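Inside the fold
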2 protein chains.
Amino acid sequence: MAPIRAAIVGYGNLGKSVEKLIAAQPDMELYGIFSRRDQLDTDSPVYPVADFAQHAEHVDVALLCTGSATDIPAQAADFVARTATVDTYDNHRDVARHKAVMDAAAKQAGTVAIVSTGWDPGMFSLNRVLAAAILPGAQQHTFWGPGLSQGHSDALRRIDGVKKAVQYTIPDEAALESARRGEAGELTGKQAHVRRCYVVADESDHARIEEEIRTMPDYFVGYQVEVNFIDEATFDAEHTGMPHGGHVITAGDTGGFNHTVEYTLELDRNPDFTAAVEIAYARAAARLREQGVTGAFTVLEVAPYLLSPTPLDELIARDV
Amino acid sequence: MAPIRAAIVGYGNLGKSVEKLIAAQPDMELYGIFSRRDQLDTDSPVYPVADFAQHAEHVDVALLCTGSATDIPAQAADFVARTATVDTYDNHRDVARHKAVMDAAAKQAGTVAIVSTGWDPGMFSLNRVLAAAILPGAQQHTFWGPGLSQGHSDALRRIDGVKKAVQYTIPDEAALESARRGEAGELTGKQAHVRRCYVVADESDHARIEEEIRTMPDYFVGYQVEVNFIDEATFDAEHTGMPHGGHVITAGDTGGFNHTVEYTLELDRNPDFTAAVEIAYARAAARLREQGVTGAFTVLEVAPYLLSPTPLDELIARDV
């Protein structure tokens, strides 16, 4: 079988991770990276994103690695008009609208889109739906972390006197345990998570900065907050990675018997795992297109074997 | 929409769990139980299994709850010749052959079979395939337990002087941790699991019984074995349930970064959870048949949304 020819659109953290991980796929090759920038620090072929249409006939699937805030809503339909696409659009409340737009464009062009892959939305969505389907009436809770929160880290860095700062969101252990027992009820995000901050600042500013953090509305008020001041060398050595992860916990009762389904991710590098999921769904999109399927699909609608480079017969013999 | 009319074939532990849990489904009703026995202790309609063909037109899907050792291989194809079926056939090495037999019968009859549902095979298979597809080259380990092992409990009860006994298989904590770090390598089942025994016997027999357990080939030799002698009242109070569960742990490296995907089940009552999964796939089978699909499928080939009683649009709005 000919390898799947993949293109990357956008070259931020996610695009770079996709580039690295496509090289590890047994059945995929990178056609090139499409970017708004002229110069990228890469040995892969680079093309202006404005020229995508001229290249589309050589691309089986485009992995959209641009931002969810404005790029995906504005541009994704233009790509699926040319070839199959996969994206990591992560605005949960807007997935249905995005899917509808992509569906219309894909059907008109005879292509395929798989939308909102990654891990949340993505693998977490899949696990929420599967576990709830198996245990109707179950309690279900999603916990995020331990993981770096970009938005909260930015908020810390806006405080006067903060030189460097990160914020990790960490599930509360007692909340995890009560969710596993099916006793967490209507747990709020504030009850379920601890916000742990590491801050570099002059010692004379520590008390004021901690006070500003603890009283910052929306971001920190009402949460369990831990503030740790550390020196710059420790910060640079220990807090420049992008770890993340979390848990989807579903606990259902079958007449006095508790059943807990838990899906856990522990990710050393968030964009690498997001890219890994996007690549697996890119494979599925290319295959669906080859099967003559057109339209847009969420991860809920894609048969799992389509994600694997291993043939179905081998999967059944080895993994079922 | 008309409810899905389900039939149960076989009334052992699994069939009883299916009966109980069908009552909790918003979109399903029980047509009846088909059994070889004349009298069953139930208020549901009971019919002779030999008469199934006369009832098949009223049944959208038959949940086969008979044994994997001989019943499923001998009889499953006769049922799918009449209506859609779902089974929990658990002979891992024989799933491909079973699927082929069911596929031929289903295609000839214009029906659908979903084979080897449950949790292992079933949900564990699905998670093995998904996690390995996302992280090619990853290390993957399946751990079983803490859970009651029927075969090992039977082996204990065959020892002279044993009045009552159960054996729980328990994942070794150190093995779990090394699997999560991607450092477990070619871990064997013996290294990964502890066999914990609870035995009721006269005190004068304890030393001999423990020796016989520890030296029993295949079942216990080479394993970490714990033998606990307890009194009969404690046994009856604490060791007559059917707990089970386990972990599928996949750890993959993306150039110096570890990513761990873990799927965990903690089940108070093994047949209830197996039944819950079988029912969700029964829903999928009935829907596939309604869509005009024919043939046999494993869990790897079924789009996840088909398992849920909630419409796809609602799932996308709520869970993605």
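Quick caveat, the model's predicted, so the values are computed rather than measured.

Concerning the overall build of chain A
Per the secondary structure count, chain A includes 12 helices and 14 strands. Here chain A has a C-alpha radius of gyration of 22 Å; the compact-globule value for 320 residues is 20 Å, and the two agree. Seen along its three principal axes, the alpha-carbon backbone of chain A occupies a region of about 60 × 60 × 35 Å. Counting all 320 residues of chain A, 58% fall into the buried class. Relative to all contacts within chain A whose residues are 6 or more apart in sequence, the contacts with residues 24 or more apart total 69%. Of the accessible surface of chain A, which amounts to about 13300 Å², a share of 47% is contributed by carbon and sulfur atoms. With 27 positive and 46 negative side-chain charges, chain A shows a separation of 3 Å between the mean positions of the two kinds.

As for the sheet that holds strand 11 (residues 224–229) of chain A
Across a sheet, strands are paired by hydrogen bonds formed along the backbone, either parallel or antiparallel in direction. Residue and element names in this part refer to chain A. With mixed pairing, the four strands of this open sheet are ordered in space as 8-9-10-11. Single-partner strands in this sheet number two, and they are strand 8 (147–148) and strand 11. Pairing between strand 9 (residues 164–171) and strand 10 (residues 193–200): eight bridges, direction antiparallel. Residue Gln167 lies in a different strand from strand 10, and its bridge partner there is Cys197. In the packing of helix 6 (residues 150–157) onto the sheet, the strands contacted are strand 8, strand 9 and strand 10, and the crossing angle to strand 9 comes to about 140°.

Describing the interface of chain A and chain B
Taken together, the contacts link 59 residues of chain A with 59 residues of chain B. In this assembly, chain A packs against chain B so that about 5000 Å² is buried in total across both faces, 69% of it on carbon and sulfur atoms. When the buried surface of chain A facing chain B is broken down by residue, Ile134, Pro304 and Val320 of chain A rank first, second and third, together holding 14% of it. Inspection of the region where chain A meets chain B yields zero salt bridges. Summed over the shared surface of chain A and chain B, the number is 18 residue pairs in polar contact (both at pLDDT 80 or more). Going through the elements one at a time, helix 1 (13–22), helix 4 (95–109), helix 5 (123–134), strand 13 (258–267), helix 11 (270–290) and helix 12 (312–319) of chain A are the ones with two or more residues in the side of chain A that touches chain B. At 10 residues, strand 13 of chain A tops the list of elements feeding residues into the side of chain A that touches chain B. The residue makeup of the side of chain A that touches chain B, split by class, is 34 nonpolar, 14 polar and 11 charged. Pairing between strand 13 of chain A and strand 13 (residues 258–267) of chain B: nine bridges, direction antiparallel. Across the sheet, residue Glu262 of chain A finds its bridge partner in strand 13 of chain B, namely Thr264 of chain B.

Quick notes on the nonpolar core
In a soluble, globular protein the nonpolar side chains are often hidden away together inside. If you look at the biggest cluster of nonpolar residues, it comprises 115 residues, and the most contacted ones within it are Tyr281 of chain A together with Tyr281 and Leu300 of chain B. Non-local contacts of Leu300 of chain B, meaning those with residues more than four positions away in its chain, are made with Ala303, Pro304, Tyr305, Leu312, Leu315, Ile316 and Val320 of chain A together with Ser125, Leu126 and Val129 of chain B.

A closer look at the side chain of Asp172 of chain A
Residue and element names in this part refer to chain A. The topology assignment puts Asp172 in the loop between strand 9 and helix 7 (173–180). Look at Asp172: it is buried, it has no salt bridge, and the nearest opposite charge is Arg196 at 8.9 Å. Engagement of the side chain of Asp172 in a polar contact is seen with the backbone nitrogen of Ala175, the distance being 3.0 Å. In this structure, Asp172 is in contact with Gln191, Ala192, His193, Val194 and Gln224, ignoring residues within four places of it in sequence.

Concerning the packing of aromatic side chains
A complete count under the given rule lists 14 aromatic pairs over all chains for this structure. Ring geometry for Phe34 of chain A versus Tyr47 of chain A: centroids 5.2 Å apart, planes at 35°, classification tilted. Linking Phe34 of chain A in strand 2 (residues 28–35) with Tyr47 of chain A in strand 3 (residues 46–48), this pair joins segments that are 13 residues apart in sequence. The ring of Tyr223 of chain A has Arg195 of chain A lying over it, and the distance from NZ or CZ to the ring centre is 4.2 Å. Directly above the ring of Phe257 of chain A sits Arg269 of chain B, whose terminal nitrogen or CZ lies 5.4 Å from the centroid.

Observations regarding the domain arrangement of chain A
When cut into domains, chain A gives domain 1 (4–121 + 271–319) and domain 2 (147–242). Distance between the C-alpha centres of domain 1 of chain A and domain 2 of chain A: 33 Å.

Brief notes about the packing of helix 3 (residues 71–80) of chain B against helix 4 (residues 95–109) of chain B
Residue and element names in this part refer to chain B. Their axes nearest at 8 Å, the elements helix 3 and helix 4 cross at an angle of 20°. Taken together, the axes of helix 3 and helix 4 lie roughly parallel to each other. Read as a crossing pair, helix 3 and helix 4 show a hand that is right-handed. Two secondary-structure elements touch here, helix 3 through Ile72, Pro73, Ala76, Ala77 and Val80 and helix 4 through Arg97, His98, Val101, Met102, Ala105, Ala106 and Ala109. Among the residues making up the contact of helix 3 with helix 4, the classes are represented as 10 nonpolar, one polar and one charged.

Re the UniProt feature "domain: Meso-diaminopimelate D-dehydrogenase C-terminal" (unreviewed entry) in chain A
The sites that carry the UniProt feature "domain: Meso-diaminopimelate D-dehydrogenase C-terminal" (unreviewed entry) are, in the present numbering, residues 118–268 of chain A. In this annotation, residues 118–268 of chain A is assigned 32% helix and 33% strand; the end-to-end C-alpha distance for the span is 15 Å.

As for helix 12 (residues 312–319) of chain B
When helix 12 of chain B is considered as a whole, its buried residues turn out to be Leu312, Leu315, Ile316 and Asp319 of chain B. Down the axis, helix 12 of chain B shows its buried residues gathered within 105° of arc, on one side only. Counted as exposed and oriented over 90 degrees from the buried face of helix 12 of chain B: Asp313, Ala317 and Arg318 of chain B. For helix 12 of chain B, the elements touching its buried residues are helix 4, helix 5 and strand 7 (139–144) of chain A.

Considerations on the pairing of strand 9 (residues 164–171) of chain B
Residue and element names in this part refer to chain B. Of all eight residues that make up strand 9, seven are buried, and the element is covered over most of its length. Summarising the sheet, strand 8 (residues 147–148) and strand 9 pair through two bridges and their orientation is antiparallel. Its bridge partner being in strand 9, Leu148 is matched across the sheet by Tyr168.

Notes on the relation of the copies chain A and chain B
Note on the copies: chain A fits chain B at an RMSD of 0.1 Å, the axial shift is 0.0 Å, and the rotation between them is 180°. As the rotation angle and translation indicate, the two copies are arranged about a two-fold axis.

Thresholds applied
- Residues numbered from 1 in each chain as written.
- Chains lettered and ligands numbered in written order.
- Predicted model: local features only at pLDDT ≥ 70, side-chain atom pairs only at ≥ 80, totals over all residues.
- Heavy atoms only, no water.
- Helix = DSSP H or I, 4+ residues; strand = E, 2+ residues; numbered from the N terminus.
- Rg over C-alpha atoms; globule rule 2.2 N^0.38 Å.
- Buried < 20%, exposed > 50% of the residue type's maximum accessible area, 1.4 Å probe, protein only.
- Contact = heavy atoms within 4.5 Å.
- Areas by Shrake-Rupley, 256 points an atom, 1.4 Å probe, with all protein chains shown as cover.
- Lys, Arg positive; Asp, Glu negative; His and termini not counted.
- Charge placed at Lys NZ, Arg CZ, Asp CG, Glu CD.
- Pairing = 2+ DSSP bridges.
- Axes fitted to C-alpha atoms, helices over the stretch in contact; angles between N-to-C directions.
- Buried area = accessible area lost by both parts, 1.4 Å probe.
- Salt bridge = Lys/Arg side-chain N within 4 Å of Asp/Glu carboxyl O.
- Polar contact = N/O pair within 3.5 Å; in protein donor to acceptor, adjacent residues only side chain to side chain.
- Nonpolar A, V, L, I, M, F, W, Y, C, P; charged D, E, K, R; others polar.
- Core = buried A, V, L, I, M, F, W, Y, C linked by side-chain atoms within 4.5 Å.
- Phe/Tyr/Trp six-rings, centres within 6.5 Å; stacked < 30°, edge-to-face > 60°.
- Lys NZ or Arg CZ within 6 Å of the ring centre and 35° of its normal.
- Domains from an automatic or database assignment.
- Parallel < 35°, antiparallel > 145°, perpendicular 65-115°, else oblique.
- Left-handed = near helix turned anticlockwise from the far one by under 90°.
- UniProt positions renumbered as here; feature names shortened; annotations may be inferred.
- Arc of directions from axis to C-beta.
- Least-squares fit on C-alpha atoms with pLDDT ≥ 70 in both.

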